[in-house]
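Results of the structural survey
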Amino acid sequence: MKTTIKKNYICWLCLSITVMFLLPFIAVTFVKGDAGMAVSV
């Protein structure tokens, strides 16, 4: 039981980190492609 929870936690952590890194890039790419004037970074 413990190993399953630990493995699950590690998978969830990796997924969260990946999303945190990917989301800004996706948002910037989408906004740049859609409306370049709206970008204020």
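Read on for an overview of the structure.

This next bit is on the overall build of the chain. For the chain, the helix and strand inventory stands at one helix and zero strands. A buried classification covers 0% of the 41 residues belonging to the chain. A total of about 4200 Å² of accessible surface is found on the chain, and carbon and sulfur atoms cover 76% of it.

Here we come to a nonpolar patch on the surface. A contiguous nonpolar surface patch, about 650 Å² in accessible area, is contributed by Tyr9, Ile10, Leu13, Ile17, Met20 and Phe21. As for its position among the elements, Met20 is in helix α1 (residues 2-34). With a relative accessible area of 58%, Met20 lands in the exposed category.

This brings us to the state of the cysteines. Taken as a whole and judged by the stated rule, the model has zero disulfides. Here Cys11 is not cross-linked by a disulfide; its sulfur's nearest cysteine counterpart is in Cys14, at 6.7 Å. With relative accessibility at 44%, the residue Cys14 sits in the partly exposed group.

What counts as what
Residues numbered from 1 in each chain as written. Predicted model: local features only at pLDDT ≥ 70, side-chain atom pairs only at ≥ 80, totals over all residues. Heavy atoms only, no water. Helix = DSSP H or I, 4+ residues; strand = E, 2+ residues; numbered from the N terminus. Buried < 20%, exposed > 50% of the residue type's maximum accessible area, 1.4 Å probe, protein only. Areas by Shrake-Rupley, 256 points an atom, 1.4 Å probe, with all protein chains shown as cover. Patch = residues over 30% accessible without salt bridge, like charges linked within 9 Å, V, L, I, M, F, W, Y side chains within 5 Å. Salt bridge = Lys/Arg side-chain N within 4 Å of Asp/Glu carboxyl O. Disulfide = S-S within 2.5 Å.

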